[in-house]
Amino acid sequence: MVTSQSIRTALIGAGPRGTSVLERLLANWAAGGAARAGSRLHIDVIDPHPAGPGHVWQPGQSRLYLMNTQSFYPTLVPEDPQLAPPLAGTTFDRWRERQQQDPLPTLSDEERAELAVLEARDFPSRALYGRYLRCTLEELLAVLPDGVTVDFHEAAATAVRPVGDGKFDVELAGRGTLTADSVVFALGHLDSRLSPEQRQLQAGAVQLGLRYFPPAAPADVDWSAVPARETVLVRGMGLNFFDVMGQLTEGRGGKFVDAGDVLEYLPSGQEPLIIAASRRGTPYRAKATLEGYYPASVTLRYCTAAALQRFESAGIIPAFDHDIWPLLHRDALWAYYSTLMRSEPGAVPDPGAFLDELDEALHPHAHTTAKWEESVKAVVESHVRPEDRLDLLSLAAPLAGRAFRSRADLDAAVVDYLLDDARRSALGESDPVKMTIGALHHGRAVLKSVVADGGITDESWVAGLRGWFESFVEGLASGPPALRAEQLAALARAGVVSFVGPDPKFGLDREAGLFRATSPWVQGGAAQARTMVEALAPANRVAISDSPLLQQLLADGLVRPRTMMTVEGTPVQASGLDVRPHPYRPVAANGEVAGRLFVLGLQLSANQWGTAIAAEAVQQAGPVYPSGQRTLRDADEIARAILRP
């Protein structure tokens, strides 16, 4: 029996996640076949930015902004045979190959030039990825199934309110109101309120006539407002830092040239003097040169999905520091020393005996955490020279404990670190340090599935996973292409970039009328400037979001931040919304769950870990982790719930 129905849904957010929901709605509607006969589906897509790319991936932005993953990695459409087959679209890499063979006539000259030299292992520009997203959307719209209509509203949604009969009014800025049976919040990156310290710096800048650039998406910033040939303080040396670096150097006409074994930078004369600071005093480590996303020579032996499943089978909610980290720590140690023996067999007198003893010491049989670490330490000390031993936690803080007599001494040390890191990246699978990081990278993919939806205790989520491990592993495994490390070293040698040092303190010197930054580890006085840039993304915390929509939802009690308990029993607000799976639906202030409101993406950061990264295409070689296409499965669950009678 065919049941006729009319469904109207609103997708708020037209970037990759909103477009994924649109794609899944179309795929599942078409898969319904005759069951949909005579029925209607209307989809309202709401975003002030053009649909497909959304805010972050606009095709018109600077091509100096690179993705943090290679061409072979991202996809907008699922490759899971258990899901309804896509009606159109493919992975980014297949799209790249298609455009190289038969380019669309609408491609710009810049896009054609980039595509002409872009290979599977290269890092594409965000602008080109945005073109892929837009093309995929256009392909979907060209094959709309019968009964489906789509309207795009280039406006911001400012409020969502229930109006009875299970429906919702969605208010659009300057565009009136529309009514929908269901609403999907795929909001992506949102601006947030500044921290008290940032507000003080911003207010001081206004009072003293200085320039302060708060956290923002780099493509939203007018970099021409940073004066040439003046000092600029830059706080943050993560991925956003390299965007700032590129705009203030190559973006101003400077050039990098090969000079034998190293890069040299030829200034244009329009650069500022960049003085950069971060808690570690160094940028993220660069990615290793690999054939795939994960190193092929590293296989997890301890922190496996099967090992972690045993906690669930035993009715145990594991704690990160006590139960999970010891397994991943073992994998990191094995990756380091097994790679060392493979690449430098002469590093120990008897590699075979050493690895046998290490394997026994790492085996998680009757050891307590303290005992296995002591056993490993004894084995390593009996076989490995001190200079070849792994100090895992220091990898992310290479300057820890070092004092410098001047900033020039610090700069030299950072350049040495950058060149060494780039050299290790070039060695790829043969470098023990990079393979240690590779084990952590593998482990992160496993953890994303394990810790989701209450898979670890709240206490260890707050204190362990988000408290220390997240920043630790991001500094090691989420870095830029190795070329960026070489470029930064060249800029430092050219006198265009200098560094503040670890544990920096920022403030205002009101007497001098300048921003200032100091490190307790570096002598020689403070770095001072009339311009300061926060090379940070806006905080992904729903409670401090500047989004009028999210503020309205919180104020009206339709949603609430998730609360977690610390080990001391103190409640703390987590970064994301309180939701109930599956699909993810927000919990209201009174504890009720709205049946026709759905959440996808960054605002799930209190239930999922690593929500910002794109969906992963299935690789030809290497492991396939379920977490790779988790966002696409979430989108599919939402789509099926919307279409369910």
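Residues numbered from 1 in each chain as written. Predicted model: local features only at pLDDT ≥ 70, side-chain atom pairs only at ≥ 80, totals over all residues. Heavy atoms only, no water.

Our next topic: the packing of aromatic side chains. With the rule as written, the count across this model stands at 24 aromatic pairs. Look at Y294 and Y625: their rings are 5.1 Å apart centre to centre, the planes differ by 80°, and that puts the pair in the edge-to-face class. One end of the pair, Y294, is in the loop between β12 (273–277) and α7 (305–313); the other, Y625, is in the loop between β22 (597–599) and α16 (630–643), and 331 residues separate them in sequence. Both rings, one in F320 and one in F469, keep their centres 5.0 Å apart while their planes meet at 50°; by these two values the pair is tilted. On the criterion of sequence distance, the pair formed by F320 in helix α8 (residues 320–343) and F469 in helix α13 (residues 458–477) is long-range, its members being 149 residues apart. The buried category is assigned to F320, whose relative accessible area is 1%. Members of the aromatic cluster, joined through ring pairs, are F320, W325, W468, F469, F472 and W609. The cationic tip of R235 hangs over the ring face of F506; the distance from NZ or CZ to the ring centre is 4.8 Å. (Phe/Tyr/Trp six-rings, centres within 6.5 Å; stacked < 30°, edge-to-face > 60°. Helix = DSSP H or I, 4+ residues; strand = E, 2+ residues; numbered from the N terminus. Buried < 20%, exposed > 50% of the residue type's maximum accessible area, 1.4 Å probe, protein only. Lys NZ or Arg CZ within 6 Å of the ring centre and 35° of its normal.)

Moving on, we come to the sheet that holds strand β5 (residues 167–172). Within the open sheet, the 3 strands sit side by side as β4-β5-β6. Their pairing is antiparallel. Each of the sheet's edge strands pairs with one partner strand only, and the pair in question is β4 (157–164) and β6 (176–180). Neighbour to neighbour, the strand axes of the sheet diverge by 25° on average, direction disregarded. Bridge count for β4 against β5 is 6 bridges, and the pairing is antiparallel. (Pairing = 2+ DSSP bridges. Axes fitted to C-alpha atoms, helices over the stretch in contact; angles between N-to-C directions.)

The next thing to look at is the side chain of T436. Relative to the helices and strands, T436 is located in helix α12 (residues 432–450). If we skip the residues at most four places from it in the chain, T436 touches A332, A335, Y336, L390, L392 and L395. (Contact = heavy atoms within 4.5 Å.)

This paragraph deals with the packing of α8 against α12. Between α8 and α12, whose axes approach to 8 Å, the crossing angle comes to 150°. When the axes of α8 and α12 are compared, the pair comes out roughly antiparallel. The interaxial crossing formed by α8 with α12 has right-handed handedness. Here F320, I324, W325, L328, D331, A332, A335, Y336, T339, L340, R342 and S343 of α8 lie close against α12, whose contacting residues are P432, V433, M435, T436, A439, L440, G443, L447 and V450. Grouping the constituent residues of the contact of α8 with α12 by class yields 15 nonpolar, 4 polar and 2 charged. (Parallel < 35°, antiparallel > 145°, perpendicular 65-115°, else oblique. Left-handed = near helix turned anticlockwise from the far one by under 90°. Nonpolar A, V, L, I, M, F, W, Y, C, P; charged D, E, K, R; others polar.)

Looking now at unusual backbone geometry. Cis geometry marks the peptide bond from P581 to H582, where omega comes out at -15°. Tracing the backbone through its elements, the reader meets H582 in the loop between β20 (579–580) and β21 (585–586). In this model, H582 is joined to P583 through a cis peptide bond whose omega is 0°. Tracing the backbone through its elements, the reader meets P583 in the loop between β20 and β21. With a phi close to 55°, D165 is a non-glycine residue in the positive phi region. As for its placement among the helices and strands, D165 is situated in the loop between β4 and β5. The class of D165 is exposed, set by a relative accessible area of 77%. Positive phi, close to 50°, is recorded for D503, a residue that is not glycine. Tracing the sequence through the fold places D503 in the loop between β13 (497–499) and β14 (505–509).

Note that strand β18 (residues 561–565) and strand β19 (residues 571–577) share 4 bridges and pair antiparallel. The residue of β19 that forms the bridge with M564 is V572. Remark: 5 residues form the turn of the hairpin made by β18 and β19, two consecutive strands paired antiparallel; G569 in that turn has positive phi of roughly 85°.

With 12 residues, helix α14 (residues 482–493) should cover 16 Å at 1.5 Å per step; its first-to-last C-alpha distance of 17 Å lies within 8% of that length. Summarising burial for α14: 9 of the 12 residues are buried, a large majority. Residues of α14 that are buried: A482, R484, A485, Q487, L488, A489, A490, L491 and A492. Residues of α14 that are buried sit in contact with α6 (239–248), β10 (255–259), β11 (262–266), α11 (407–427) and β13. Backbone geometry just after α14 places G495 at a positive phi near 80°. (Expected span 1.5 Å × (residues − 1).)

Given 3.6 residues per turn, any residue in an α-helix points the same way as the ones three and four places further on. For helix α4 (residues 126–141), which comprises 16 residues, the first-to-last C-alpha distance of 23 Å matches the rise-based estimate of 22 Å (1.5 Å per residue) to within 8%. Burial analysis of α4 places 12 of its 16 residues in the buried class, the great majority of the element. Listed in full, the buried residues belonging to α4 are R126, A127, L128, Y129, G130, R131, Y132, L133, C135, T136, L137 and L140. Elements in contact with the buried residues of α4: α1 (16–32), α2 (92–101), α3 (109–117), β3 (148–153) and α6.

Before going further, it helps to spend a moment on the nonpolar core. Counting residues in hydrophobic clusters, the biggest one holds 58 residues, and the most contacted among them are Y337, F354, L358, L440 and F469. Elements with a contribution of two residues or more to this core: α7, α8, α9 (351–362), α10 (369–383), α12 and α13. In terms of residue count, the dominant contributor to this core is α8 (12 residues). Formed by 41 residues, the second largest nonpolar core is a distinct cluster that contains A485, L488, A490 and A535. (Core = buried A, V, L, I, M, F, W, Y, C linked by side-chain atoms within 4.5 Å.)

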